[in-house]
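The chain contents come next:
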Amino acid sequence: MCSNGKQETGMDSGRCAVLGRIFLEAVLSGLFIAMAGTVYLSVQPASLGAFLFAFGLMTILCRGFKLYTGAIGYLVVQSRETFLRYLGELPVIWGGNLAGCALVGALLRHSRVFPALASRLQPLCQAKLTDSWSSLLILSFFCGILMYLAVDTFRRQEIPVPFRLATVFLCVVVFILSGFEHCVANMFYFSAGGVWSAQALGKILLMTLGNSLGGFLLPLADRFRMRP
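Overview of the structure. Along each chain, residue indices are assigned from 1 in the same order as the chain's sequence is written. Local features are withheld for residues below a pLDDT of 70 in this predicted model, meaning they are given only at 70 or higher, and side-chain atom pairs are given and counted only at 80 or more; totals for whole chains, interfaces and linings count all residues. Excluded from the side-chain calculation are hydrogens and water; included are all heavy atoms of the structure.

## Quick notes on the overall build of the protein
- Across its full length, the protein carries nine helices and zero strands.
- Computed over its C-alpha atoms, the radius of gyration of the protein comes to 18 Å, within 12% of the 17 Å expected for a compact globule of 228 residues.
- By its C-alpha atoms, the protein is 50 × 50 × 35 Å across when sized along the principal axes.
- Counting across all 228 residues of the protein, residues that qualify as buried make up 46%. Strands are runs of DSSP state E lasting at least two residues, helices are runs of H or I lasting at least four, and both sets are numbered from the N terminus onward. Computation of the radius of gyration draws on C-alpha atoms, with the globule rule given as 2.2 Å multiplied by the number of residues to the power 0.38. Buried, partly exposed and exposed residues are distinguished by accessible area as a fraction of the type maximum, computed with a 1.4 Å probe on protein chains only: under 20%, between the cut-offs, and over 50%, respectively.

Here you go:
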């Protein structure tokens, strides 16, 4: 928490500044995921849209922005000293992603491209809102695995650059064409589709849980494999 007035310390002020920067970078991530979602809805065939969607994640990685599905997997590799601090940053990232997606979705609803988007958004949102909780959890779990794989591979300097870039694009294409669920992308679809409700929020939270569990899989497996 950030304190105010005479009780504010230098450490509190510094922490507030860090959280503010994280939130801004998360909003920017939401903005780029939303733009990626826009181009996905705008083109055919689906394979082309899935490939172009990867522009969003690639931009986020190259610019160092904060994306929840790219950050959550690293929670399980934090030390005792950093675990609680990192855990506290994750809701800020999630909220910033939501804010960025909601902003783009709201703006697009007042643009000339929206009627074409709406014809794709309506069935897309309906399918997600009427899907079972177990189905959404499973589909978001597999998406979480792919998102961690994309981000972690991109960060590994020992892997040749072409393979790192290819992994990012392939992971995005695979998750979209497989019908896996990405909580941040769906924040945009629900915002642009104007379908927010208690039910929609519940589905987003469920997808967040699934993405989180999927994101934990590979780092936990790596820790187990690296044991002497």
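Past the structure itself, the notes keep going.
## Thoughts on the layout of surface pockets
- In this analysis, the protein atoms alone were mapped onto a 1 Å grid. Cavities are point sets where a 1.4 Å probe fits without being able to get out; pockets are open sets with protein on both sides within 12 Å along at least five of seven lines; lining residues have an atom within 4 Å of a point. Grid points are joined across faces, edges and corners, and a volume is the space filled by probe spheres set on the points. When its volume is computed, the largest pocket comes out at roughly 280 Å³.
- Phe65, Lys66, Gly70, Ala71 and Arg155 are, among the 17 residues lining the largest pocket, the residues nearest its centre.
- At the level of secondary structure, the elements contributing two or more residues to the lining of the largest pocket comprise α1 (10-42), α2 (46-63), α3 (68-71), α4 (83-108) and α6 (133-155).
- Polar here means any residue other than Ala, Val, Leu, Ile, Met, Phe, Trp, Tyr, Cys and Pro, which are nonpolar, and Asp, Glu, Lys and Arg, which are charged; Gly is therefore polar. Here the lining of the largest pocket is composed, by residue class, of 11 nonpolar, two polar and four charged.
- If you add up the space inside the second largest pocket, you get close to 230 Å³.
- Considering the residues around the second largest pocket, the lining is formed by 16 residues, among which Leu124, Lys128, Ile176, Gly179 and Phe180 are closest to the centre.
- Grouping the amino acids of the lining of the second largest pocket by side-chain chemistry returns 10 nonpolar, three polar and three charged.

## Notes on the nonpolar core
- In this structure, Phe53, Leu57, Phe175, Phe188 and Tyr189 are the most contacted members of the largest nonpolar core, which totals 64 residues.
- At nine residues, α1 tops the list of elements feeding residues into this core.
- Residues are treated as being in contact if the distance between any of their heavy atoms lies within 4.5 Å. Not counting residues up to four positions away in its chain, the partners in contact with tyrosine 189 are Gly37, Tyr40, Leu41, Phe53, Leu121, Leu124, Cys125 and Lys128. To form a nonpolar core, buried Ala, Val, Leu, Ile, Met, Phe, Trp, Tyr and Cys residues must be joined to one another through side-chain atoms within 4.5 Å.

## Description of the side chain of asparagine 186
- With respect to the element layout, asparagine 186 can be found in helix α8 (residues 183-193).
- The exposure class assigned to asparagine 186 is buried, which follows from its relative accessible area of 1%.
- Ignoring sequence-local partners within four residues, the contact set of asparagine 186 consists of Lys128, Glu181, Ile204 and Met207.

## Overview of the packing of aromatic side chains
- Aromatic pairing here means that ring centres of Phe, Tyr or Trp (its six-membered ring) are within 6.5 Å. Orientation follows from the plane angle: under 30 degrees is stacked, over 60 is edge-to-face, and everything else is tilted. On inspection of all chains with the given rule, the structure shows nine aromatic pairs.
- Each ring, one from phenylalanine 141 and one from phenylalanine 142, has its centre 5.6 Å from the other, and the planes form 70°; the classification is edge-to-face.
- Exposure remark for phenylalanine 141: the relative accessible area of 27% places this residue in the partly exposed category.
- Their ring planes at 85° and their centres at 5.7 Å tell us that phenylalanine 190 and tryptophan 196 sit as a pair that is edge-to-face.
- Under the relative-accessibility criterion, phenylalanine 190 is labelled buried at 0%.
- According to the relative accessible area criterion, tryptophan 196 is partly exposed, its value standing at 35%.
- The structure contains a cluster of three or more aromatic residues connected by ring pairs, namely Phe32, Phe55 and Phe65.
- A ring is considered to have a charge above it if a Lys NZ or an Arg CZ atom is located within 6 Å of its centre and within 35 degrees of its normal. Taking NZ or CZ as reference, arginine 120 lies 5.6 Å from the ring centre of tyrosine 40, over its face.

## With respect to unusual backbone geometry
- Residue glutamine 44 is joined to proline 45 through a cis peptide bond whose omega torsion reads 0°.
- Along the chain, the position of proline 45 falls in the loop between α1 and α2.

## Examining the pattern of salt bridges
- By definition here, a salt bridge exists when the distance from a side-chain nitrogen of Lys or Arg to a carboxyl oxygen of Asp or Glu is within 4 Å. A full pass over the atoms with the stated rule returns seven salt bridges.
- Arginine 156 is the salt-bridge partner of aspartate 152, the closest N and O atoms lying 2.8 Å from each other.
- Taken together, the shared-partner salt bridges in this structure form one network comprising Asp152, Arg156, Glu158, Asp222 and Arg225.

## Points about a nonpolar patch on the surface
- The grouping of Phe83, Leu84 and Leu87 at the surface amounts to a nonpolar patch, some 280 Å² of accessible area in total.
- Mapped onto the secondary structure, phenylalanine 83 falls in helix α4. Put simply, a patch holds well-exposed residues, over 30% relative accessible area, that have no salt bridge, with like charges counted together within 9 Å and Val, Leu, Ile, Met, Phe, Trp or Tyr side chains within 5 Å. To be clear on the numbers: accessible area is Shrake-Rupley with a 1.4 Å probe, and residue cover counts the displayed protein chains and nothing else.

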